[in-house]
Amino acid sequence: MLFPHCCLTCNAALTSQEQQVCVTCQANLPTTDLHQYQPNPLHYKLSGKAEIMHAMAYLQFSKGGKVQRLLHSLKYHHNPELGRLLGLWYGHYLRGQGCQFDFDLITAVPLHPSKLRKRGYNQSAVFGQGLGEALQIPFEELLIRQRHTESQTRKTQAERWTNVAEVFAPARTPLSVKHLLLVDDVITTGATLSACIQALQAAGVMRLSIATIATAG
Ligand SMILES: [Zn+2]
């Protein structure tokens, strides 16, 4: 596996100690403080659909910004290691802020099998695995994506919600998990996460929290 020799966000040459992002860029990533507030704007994106304990996002997405470059590399440049690193960094960041969680398990929003074959990995799952490594919580794939959803980008908010309804199913039942952390790459409207949450709760998950790499808007 070859790793980039230049920082993914500023193109500076990396030292042998740095991985993918230089220390300066890493220290200046636009982190959110959403984990400190409950409820926060992420909860409201999911409100009325499910009871959510913690709703957190590592980074603030902005168009043309550093986070967009990272997500692009993660999704389109065959860079699963970046997902794991982002998970590790977020986990260490949360621990450094004194956050204490009682998650039993971490799971990720699944990709449709055809997309998974094409990409080679699920970018949300590698993030969840890195996060689990840092927080010392096991990761397991608990959901399957039953059909391919059309691209969400040209849809209205109402269409997005209908588009993902009943797309997700539990990989096994019952899911006797007390407190599950569900992770995704980006939260925009919350429609995809809400559909996953409904499937997980119907399968027996008692308490749910969500964490994403980034929040947009
Ligand atoms: Zn840099």
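See the structure printed just above.
Residues numbered from 1 in each chain as written. Predicted model: local features only at pLDDT ≥ 70, side-chain atom pairs only at ≥ 80, totals over all residues. Heavy atoms only, no water.

Trainee: Any chance you could explain the packing of aromatic side chains here in plain terms?
Mentor: Aromatic ring pairs are reported here in terms of the distance separating the ring centres and the angle at which the planes meet. According to the stated counting rule, one finds 5 aromatic pairs in the structure shown. Residues Y58 and Y93 carry aromatic rings whose centres are separated by 6.1 Å and whose planes lie at 45° to one another, so their mutual orientation is tilted. Here Y93 lies in helix α4 (residues 80–96) and Y58 lies in strand β1 (residues 52–61), a separation of 35 residues in the sequence. Given a relative accessible area of 3%, Y58 falls into the buried group. Given a relative accessible area of 22%, Y93 falls into the partly exposed group. With a centroid separation of 6.4 Å and an interplanar angle of 15°, the aromatic rings of Y90 and F127 are classed as stacked. In this pair, Y90 sits in helix α4 while F127 sits in helix α6 (residues 123–135), placing the two residues 37 residues apart along the sequence. Residue Y90 shares its accessibility class with F127, and that shared class is buried. Three or more aromatic residues link up through ring pairs in this structure, and these residues are Y58, Y90, Y93 and F127. (Phe/Tyr/Trp six-rings, centres within 6.5 Å; stacked < 30°, edge-to-face > 60°. Helix = DSSP H or I, 4+ residues; strand = E, 2+ residues; numbered from the N terminus. Buried < 20%, exposed > 50% of the residue type's maximum accessible area, 1.4 Å probe, protein only.)

Trainee: Explanation requested: the nonpolar core in the structure shown.
Mentor: Soluble globular proteins: nonpolar side chains tend toward being buried together. Ranked by size, the top nonpolar core spans 36 residues in total, and within it L86, Y90, L131, L181 and V183 carry the most contacts. Elements represented by at least two residues in this core include exactly β1, α3 (66–76), α4, β2 (105–108), α6, β5 (179–187) and β6 (207–216). Per-element tally for this core: the top contributor is α4, with 6 residues. Residues in contact with V183, not counting those within four places in the same chain, are I106, T107, A108, V109, S124, F127, G128, L131 and A211. One finds L42, A57, V177 and V205 within the second-largest nonpolar core, a separate group that totals 27 residues. (Core = buried A, V, L, I, M, F, W, Y, C linked by side-chain atoms within 4.5 Å. Contact = heavy atoms within 4.5 Å.)

Trainee: Just to check I follow, could you spell out the side chain of H35 for this structure?
Mentor: Among the secondary structure elements, H35 is positioned in the loop between α1 (23–27) and α2 (41–46). Those residues in contact with H35 that lie beyond four places of it in its chain are M56, Y90, Y93, L94, Q97 and C99.

Trainee: Would you mind going over the pattern of salt bridges with me for this structure?
Mentor: Side chains that differ in sign of charge can pair as their charged atoms come close. Evaluation of the coordinates by the stated rule reveals 5 salt bridges. Between R84 and E81 there is a salt bridge, and its shortest N-O distance comes to 2.8 Å. Here R84 and its partner E81 are both found in helix α4, 3 residues apart, which amounts to about one turn of the helix. The class for E81 is buried, based on a relative accessible area of 17%. Notably, a salt bridge pairs R172 with E140, separated by 3.1 Å at the nearest N-O pair. Here R172 is found in the loop between β4 (168–170) and β5, whereas its partner E140 is found in the loop between α6 and β3 (143–145), with 32 residues between them in sequence. Each of E81, R84 and E133 takes part in a single network of salt bridges with overlapping partners. (Salt bridge = Lys/Arg side-chain N within 4 Å of Asp/Glu carboxyl O.)

Trainee: Looking at this structure, I do not really get the pairing of β2. What am I missing?
Mentor: Remember that side chains alternate between the two faces of the sheet whenever the strand is regular. Burial along β2 is two-sided: L105 and T107 and I106 and A108, pointing in opposite directions, are all buried. Bridging between β2 and β5 involves 4 bridges; their strand directions are parallel. When the bridges of β5 are listed, L105 appears paired with L180. (Pairing = 2+ DSSP bridges.)

Trainee: Sorry if this is basic, but what is going on with α3 here?
Mentor: What sets the pattern is the α-helix's 3.6 residues per turn: residues three or four places apart point alike. Considered for burial, the residues of α3 that qualify are V67, L70, L71, S73 and L74. Down the axis of α3, the buried side of the element spans an arc of 160°, and every buried residue falls inside it. Contacts made by the buried residues of α3 are with β1, α4, α6, β5 and β6. Phi turns positive, to about 40°, at H78, one or two residues after α3. (Arc of directions from axis to C-beta.)

Trainee: Can you walk me through the environment of S73 in this structure?
Mentor: Tracing the backbone through its elements, the reader meets S73 in helix α3. Measuring from C-alpha to C-alpha, the distance between S73 and G83 comes to 9.5 Å, with 10 residues separating the pair along the chain. Every residue in contact with S73, bar those within four places of it in the chain, is listed here: L8, H78, N79, L82 and Y121. For S73, the side chain forms a polar contact with the side chain of N79, separated by 3.0 Å. (Polar contact = N/O pair within 3.5 Å; in protein donor to acceptor, adjacent residues only side chain to side chain.)

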